[in-house]
Every structure is written in C-alpha cells, then in structure tokens.
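This is what each chain is made of:
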Amino acid sequence: MALDELKNDLENALFGAKEAFLLKEAAPGNADAMVMLGLMYEATDEEKALHWYQKAANLNCADAFYCLGEFYETPAHYSVVEANDEVAEQYFLKGIALGSVDAMHELGTRYFHSGNKEKGLELINKSAELGNPISLIWLSTCYKCGWIGRKSVSKAYEYAYKAFDKLYNEKW
C-alpha cells in the first residue's frame, strides 16, 4: 500500500509541476502551451480543457480547433458539451484552413465512413502527403484490406514504411 501512495504522490507532484510550467507559458499568449494544458486537463477536468482550447482557438491555433472538433464529435466523448457533428465539422474545417493535418485526417475519415468516400480520401491523402503518420497507417490498412480499390500489398507496404519512417526517423 505504501508504494501505491508514493506513486500517487509522485504523479500529483509531476502534474502540479507541469501545470505550473504551462500556466506560466500560457499567460503571455502561448497557444501551444494552452493546447498542452487542455490535453493535460482532459482526463481530470473537461471544463478546464475546453476553456484552454477555446483560448488557443481565439489565437487561431490549428491544433486547438482540432481539439474542439473532437469535443463536439458524435458519439460524445466528453460530458461538458452536447455532441454536434455540424459544430465539430466547422472546428475541423477551421483547423484544416490553419494547417492541422490531424483535423484533415479526422474529417476525412468521418466523410469516408459516412459515405462520402471521394471527399474523405481526398483529405486523408492530403494529410498523408503532409506527413501525418496516422493517415499513412490508415491508407496502408485500406490497401491491405482492399477497402479503396483492389488489394495491394505493395501499396500497403509503401504507406506502412512511410509511416514507420515518420514515426521513428523524423519529427512530425
């Protein structure tokens, strides 16, 4: 039992140190720090997470718009907002306009799975071309399973290799 208590104390201390650092960084308007605060709070305080994402979005931070889109997605992952696919889509589109490859991938998969495969693939391919490893893995799986045309082990391998290269050899 003492080891569990020590672990909890350490985790709380680390959380507090990260929080203090990020709050200091966010104070002068660092949108990246605001997004990091939002990510940190998601598991413990959704209202605080939403607050920091909104502040970063007010500074036109692409990642903040992606995170806000995630908040409003259906099915609802969060309890502080009501799921609304139209609001989510608008946030994703704003994120895309500002260069978020994560928003591009997310909206692309939403379009693809809702029946608009052409529009979805266009966004996912663009996200992959911009180096999003998640999109590269997604395309690899699609080619392996034949979900977007004929099965192609060579194309599946090509996309998987690019994803591996991004994840392990480059910063993205």
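Residues numbered from 1 in each chain as written. Predicted model: local features only at pLDDT ≥ 70, side-chain atom pairs only at ≥ 80, totals over all residues. Heavy atoms only, no water.

K.L.:
What exactly am I supposed to notice about the nonpolar core here?
P.N.:
General note: in soluble globular proteins, nonpolar side chains tend to be found buried as a group. Val35, Leu37, Tyr53, Ala56 and Phe71 are the most contacted members of the largest nonpolar core, which has 34 residues in total. Only helix H1 (2-26), helix H2 (31-41), helix H3 (46-58), helix H4 (62-72), helix H5 (85-97) and helix H6 (101-113) provide two or more residues apiece to this core. When near neighbours in sequence (up to four residues on either side) are disregarded, Ala56 contacts Ala31, Met34, Val35, Cys61 and Ala64. Ranked by size, the runner-up nonpolar core spans 13 residues in total, among them Phe112, Leu121, Leu136 and Tyr143. (Core = buried A, V, L, I, M, F, W, Y, C linked by side-chain atoms within 4.5 Å. Buried < 20%, exposed > 50% of the residue type's maximum accessible area, 1.4 Å probe, protein only. Helix = DSSP H or I, 4+ residues; strand = E, 2+ residues; numbered from the N terminus. Contact = heavy atoms within 4.5 Å.)

K.L.:
Help me understand the packing of H3 against H4, please; the structure alone is not making it clear to me.
P.N.:
It is the contact of H3 with H4, at a shortest axis distance of 8 Å, that shows an interaxial angle of 140 degrees. It follows from the interaxial angle that H3 and H4 lie oblique. The interaxial crossing formed by H3 with H4 has left-handed handedness. On H4, the residues that touch Glu46, Ala49, Leu50, Tyr53, Gln54, Ala56 and Ala57 of H3 are Ala64, Phe65, Cys67, Leu68 and Phe71. Each residue belonging to the contact of H3 with H4 can be placed in one class, and the counts come to 10 nonpolar, 1 polar and 1 charged. (Axes fitted to C-alpha atoms, helices over the stretch in contact; angles between N-to-C directions. Parallel < 35°, antiparallel > 145°, perpendicular 65-115°, else oblique. Left-handed = near helix turned anticlockwise from the far one by under 90°. Nonpolar A, V, L, I, M, F, W, Y, C, P; charged D, E, K, R; others polar.)

K.L.:
Whenever I open this one, the side chain of Ser100 confuses me. Can you help?
P.N.:
With respect to the element layout, Ser100 can be found in the loop between H5 and H6. Within the structure, Ser100 has its side chain in polar contact with the backbone nitrogen of Ala103 (distance 3.0 Å). Apart from the residues lying within four places of it in its own chain, the contact partners of Ser100 are Ala62, Asp63, Tyr66 and Gly95. (Polar contact = N/O pair within 3.5 Å; in protein donor to acceptor, adjacent residues only side chain to side chain.)

K.L.:
So what exactly am I meant to see when it comes to the pattern of salt bridges here?
P.N.:
Once the charged atoms of two side chains with opposite charge are near each other, the side chains can pair. Going through the model one piece at a time under the given rule, you end up with 3 salt bridges. Across the pair Arg110 and Glu73 runs a salt bridge whose closest N-O atoms are separated by 3.3 Å. Of this pair, Arg110 sits in helix H6 while Glu73 sits in the loop between H4 and H5, placing them 37 residues apart in sequence. The pair Arg110 / Glu73 is uniform in exposure class, with both members buried. As a salt-bridge pair, Asp85 and Arg110 come within 3.2 Å of each other at their nearest N and O atoms. Of this pair, Asp85 sits in helix H5 while Arg110 sits in helix H6; the two residues are 25 residues apart in sequence, bridging distant segments of the chain. We classify Asp85 as partly exposed; its relative accessible area is 34%. (Salt bridge = Lys/Arg side-chain N within 4 Å of Asp/Glu carboxyl O.)

K.L.:
Could you clarify how one ought to interpret the state of the cysteines in this entry?
P.N.:
Covalent bonding between the sulfur atoms of two cysteines is what defines a disulfide. Evaluated as defined, the whole model comprises 0 disulfides. With no disulfide of its own, Cys61 has Cys67 as its nearest cysteine by sulfur position, at a separation of 8.0 Å. The buried category is assigned to Cys61, whose relative accessible area is 8%. Unpaired in terms of disulfides, Cys145 finds its nearest cysteine sulfur in Cys142, a separation of 7.5 Å. (Disulfide = S-S within 2.5 Å.)

In short, the description is geometric, and any link to function would need to be established separately.
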